Amino acid sequence: MDDEAFAKDVIDAVVRESGATGLRALHAKGTLCAATFTPTPAAASLSRAAHLTGGPRRAHVRFSNGSGVVGADYAPREGRGMALKIYLPDGMTTDVVAVTLPAFFVRTPEAFMEFVHARQADPATGEPDPDAVNKFIGEHPESLTALGVVFADPTDSYLTAAYNALHTYLFEDAAGHSTPIRYHLEPAGGVVTVPADEAAQRGPDHLQTDLAERLAARPVVFDLVVSIAGDGDPLDDPTAVWPEDRSRTVIGHVEITGIATDRERDGDVLVFDPTRITDGIALSDDPILRFRRAAYSESVLRRSGLRPG
Ligand code: HEM
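Since this is a predicted model, take the numbers as computed values, not measurements.

Engineer: An account of the site of the ligand is needed here, citing residue identities and associated values.
Structural biologist: R24, H27, R62, G81 and S299 are the nearest of the 30 residues found near the ligand. Contributions of two or more residues to the shell around the ligand are made by α1 (3-18), β2 (57-65), β3 (80-87), β4 (93-99), α3 (109-118) and α8 (287-304). Here the element with the most residues in the shell around the ligand is α8; it accounts for eight residues.

Engineer: Tell me about the nonpolar core, and name the residues and values.
Structural biologist: Among the nonpolar cores identified, the biggest contains 66 residues, and V61, L84, A98, L185 and V254 are the most heavily contacted of them. Here this core gets five residues from one element, more than from any other, and that element is α8. When near neighbours in sequence (up to four residues on either side) are disregarded, V61 contacts C33, A35, M82, A83, L84, V254 and I256.

Engineer: Which residues make up the packing of α1 against α8, and what are the values?
Structural biologist: Between α1 and α8, whose axes approach to 8 Å, the crossing angle comes to 60 degrees. In terms of their interaxial angle, α1 and α8 are classed as oblique. The two elements α1 and α8 meet at a crossing, and its hand is right-handed. For the pair α1 and α8, the contacting residues are D3, E4, A7, K8, V10 and I11 in the first and F291, A294, A295, E298, S299 and R302 in the second.

Engineer: I'd like a rundown of unusual backbone geometry, residues and numbers included.
Structural biologist: Trans peptide bonds make up most of the peptide bonds, and negative phi angles are found at most residues other than glycine. At E264, a position not held by glycine, the phi torsion is positive, near 60 degrees. The class of E264 is partly exposed, set by 15 C-beta atoms lying within 10 Å. Even without being glycine, D266 reaches a positive phi, approximately 50 degrees. Along the chain, D266 falls in the loop between β9 (248-259) and β10 (281-283). Classification of D266 as exposed rests on a count of 5 C-beta atoms within 10 Å.

The rules behind the values
Residues numbered from 1 in each chain as written. Predicted model: local features only at pLDDT ≥ 70, side-chain atom pairs only at ≥ 80, totals over all residues. Near = placed C-beta within 6 Å. Helix = DSSP H or I, 4+ residues; strand = E, 2+ residues; numbered from the N terminus. Core = buried A, V, L, I, M, F, W, Y, C linked by C-beta atoms within 7 Å. Buried ≥ 20, exposed ≤ 12 C-beta atoms within 10 Å, placed from the backbone. Contact = placed C-beta atoms within 7 Å. Axes fitted to C-alpha atoms, helices over the stretch in contact; angles between N-to-C directions. Parallel < 35°, antiparallel > 145°, perpendicular 65-115°, else oblique. Left-handed = near helix turned anticlockwise from the far one by under 90°.

Limitation: the analysis is restricted to geometry and does not speak to function.
Structure, rendered in structure tokens:
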């Protein structure tokens, strides 16, 4: 089955669970922010990409909760998303799509489908069947790193969480030299979590109202950081975390200035797609990364009637 056909099946399975219609099939609940991206001088030594070599660029950031269920509560036990879109001088855009998890659950689109099935709610309880989840974990021990989110302290604010894009990309410099990297988006003010019992007292829209309140007071800056692969680090496996001591370079600053009012209104369709790269950046062979284009495109088609170009 080709990616496009399999993506239809995957999105069917995801939507059957969440009931999301007219919205993103996953990460349905979110808020779009206005931002400016400014590269650091160090960025140009790693990649010749236009946004890494020039001056400040217009950008958007969308913060989101992981599930496809908009009405879900504050849901402290799920991953949060931070998607960054940078507007390029040629009129195109390039995206970085990241989550609060240290690694992804699965290595392949087929295993993602198994994961969705294993987590399907048992009609008798409304909860996933623990036996099905345990069977999945037994067959996919690599998912345990990501599933650790269940035990981690919840995010206090979208603006105080650190996000990882998990896949490897290849940065290419002006001389054609290639460097395998992974992106991280880190709040310049530091990471803050909240004890689980305190989080449980918060209302379902806590993260959204908190975001609006903090941005009304002042802009918030995230560093765009890349870690650089060491010898033997896996380049095609988003379940594998690279060792802590890998070299890290801050390649830019994302200043988030407020809630965005200029996009995703009046029929405007905004898509954050991790395969949307530009000259100076190439995709690794990670099968999840390469499949995401078809999966996101299928979700966009269902929520907007449009197939992204
Ligand atoms: C097979 C694996 C995956 C599938 C099938 C999948 C599916 C989806 C879909 C259908 C959407 C909604 C797209 C739209 O309508 O615009 C979405 C959004 C999102 N996904 Fe994934 N995803 C996968 C892997 C990942 C990974 C590895 C990450 C993190 C690195 C991630 C982070 C996000 C984020 C942050 C959003 C929200 C983007 C936004 O704000 O528009 N996903 N995903």
